[in-house]
There are 2 protein chains.
Amino acid sequence: MIKRWSQIRRDPTPNARGGEGVTVFDHILEKSELKTNCRMFTKITLEPGASIGHHGHTREEDIYYILSGIATVYDNGETHKIYPGDVAWVGDGGSHGIANDGEVPLEFISVILTYDPPER
Amino acid sequence: MIKRWSQIRRDPTPNARGGEGVTVFDHILEKSELKTNCRMFTKITLEPGASIGHHGHTREEDIYYILSGIATVYDNGETHKIYPGDVAWVGDGGSHGIANDGEVPLEFISVILTYDPPER
């Protein structure tokens, strides 16, 4: 199947997980388009100053793969600057958040995979 | 967890799936680093003229999300040109391949998710 950029659902979300500014979620694939245990497959854009607040994950993994910009990642209590090509991920019981403290847009892939099969 | 670009395993593979040239797999995350049913989480680079040959998938989904360049995708018997921001994916019983017929490198994310839980 092919899906064009223009068909991808854009969901700008203010104060995502208690963060600052607007988090732009581009839902590359919807959960309903997949048969596996992927509940989110997105590209996320944070303008300078925007962030996704700290939040936890239970029985799932959330992967952030940086495409462009510089990310400040809160990863299980530690803070790291990460760059294009770097990856940050948390699993069951983990918590994280991400902020754009830089001067250019931050773009990254975020994929959430659940431990349990999807409910259909 | 954080993994830097320099720590990501690069695996240049000639004639991947019977294709032309070299397919460069950057294994962003290894299967062993994840607890969910993801058996491949990579960035793939194809130089002009390189391709991944036609191949099938059984009880798994393979997602190609285009980052840069132009891809010629063979998707279940149809051929499409797809561009940055577009996505192509196949599921159980599907077959696909991808070629760089353009003049600049083709980069894309490829994620393979299995229907069944991982063997541990």
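Scroll up to find the structure this text is about.
Quick look at the structure, then. Please read these numbers as outputs of a predicted model, since none were measured by experiment.

Conventions we followed
- Residues numbered from 1 in each chain as written.
- Chains lettered and ligands numbered in written order.
- Predicted model: local features only at pLDDT ≥ 70, side-chain atom pairs only at ≥ 80, totals over all residues.
- Heavy atoms only, no water.
- Helix = DSSP H or I, 4+ residues; strand = E, 2+ residues; numbered from the N terminus.
- Rg over C-alpha atoms; globule rule 2.2 N^0.38 Å.
- Buried < 20%, exposed > 50% of the residue type's maximum accessible area, 1.4 Å probe, protein only.
- Contact = heavy atoms within 4.5 Å.
- Least-squares fit on C-alpha atoms with pLDDT ≥ 70 in both.
- Polar contact = N/O pair within 3.5 Å; in protein donor to acceptor, adjacent residues only side chain to side chain.
- Buried area = accessible area lost by both parts, 1.4 Å probe.
- Salt bridge = Lys/Arg side-chain N within 4 Å of Asp/Glu carboxyl O.
- Pairing = 2+ DSSP bridges.
- Axes fitted to C-alpha atoms, helices over the stretch in contact; angles between N-to-C directions.

## Quick look at the overall build of chain A
Now for step 1: Counting its regular elements, chain A contains zero helices and 11 strands.
Now for step 2: Scanning chain A from its N terminus toward the C terminus, one meets helices and strands in the order β-β-β-β-β-β-β-β-β-β-β.
Now for step 3: Relative to a compact globule of 120 residues, whose C-alpha radius of gyration would be 14 Å, chain A shows 14 Å and is just as compact.
Now for step 4: Structurally, chain A occupies a C-alpha span of about 40 × 35 × 25 Å along its principal axes.
Now for step 5: In chain A, buried positions account for 53% of the 120 residues.
Now for step 6: For chain A, contacts bridging at least 24 residues in sequence account for 62% of all contacts bridging at least 6.

## Re the relation of the copies chain B and chain A
Now for step 1: When chain B is fitted onto chain A, the two copies agree to an RMSD of 0.0 Å after a turn of 180° and an axial shift of 0.0 Å. Each copy turns onto its partner about a two-fold axis. When each C-alpha of chain B is compared by its distance to the rotation axis, Asn 37 of chain B comes out closest, at 3.7 Å.
Now for step 2: When you check the interface residues of chain B against chain A, 100% turn up at the interface there too, and the contact is symmetric in its surfaces.

## A short note on the side chain of Thr 114 of chain A
Now for step 1: Inspection of the secondary structure assignment puts Thr 114 of chain A in strand β11 (residues 106–114).
Now for step 2: Here Thr 114 of chain A falls in the buried class, since its relative accessible area comes to 15%.
Now for step 3: A polar atom in the side chain of Thr 114 of chain A sits 2.7 Å from the backbone oxygen of Asp 116 of chain A.
Now for step 4: Beyond its immediate chain neighbours, meaning those up to four positions away, Thr 114 of chain A contacts Asn 37, Arg 39, Arg 59 and Glu 60 of chain A together with Thr 36 of chain B.

## A short note on the interface of chain B and chain A
Now for step 1: On the chain A side, the residues contacting the 37 residues of chain B number 37 residues.
Now for step 2: Buried area between chain B and chain A, summed over both chains or domains, comes out near 3300 Å², and the portion from carbon and sulfur atoms is 65%.
Now for step 3: Contact with chain A buries surface across chain B, with Met 1, Ile 2 and Trp 89 of chain B losing the most and accounting together for 22% of the total.
Now for step 4: Where chain B touches chain A, the interface holds two salt bridges.

## Quick word on the sheet that holds strand β6 (residues 60–68) of chain A
Now for step 1: Reading across from one edge, β2(A)-β3(A)-β4(A)-β11(A)-β6(A)-β9(A)-β1(B) is the order of the seven strands in this open sheet, with antiparallel pairing throughout. A single partner strand is all that each edge strand has here, and the edge strands are β2 (9–14) of chain A together with β1 (2–3) of chain B.
Now for step 2: Inspection of the sheet shows β6 of chain A paired to strand β9 (residues 87–90) of chain A by four bridges, in the antiparallel sense. Opposite Ile 63 of chain A, over in β9 of chain A, you have Trp 89 of chain A as the bridge partner.

## Some details on the sheet that holds strand β7 (residues 71–75) of chain B
Think of a sheet as strands paired side by side through backbone hydrogen bonds, with each pair either parallel or antiparallel.
All names here are of chain B.
Now for step 1: Across the sheet, four strands lie side by side as β5-β10-β7-β8; this open sheet has antiparallel pairing. The outermost strands of the open sheet, each flanked by one partner alone, are β5 (51–56) and β8 (78–82). Geometrically, the sheet is characterised by an average inter-axis angle of 15° between neighbouring strands, direction not taken into account.
Now for step 2: Looking at chain direction, β7 and β8 are connected through five bridges and run antiparallel. Of the residues in β8, the one forming a bridge with Tyr 74 is Thr 79.

Any link to function would need more than the numbers given here.
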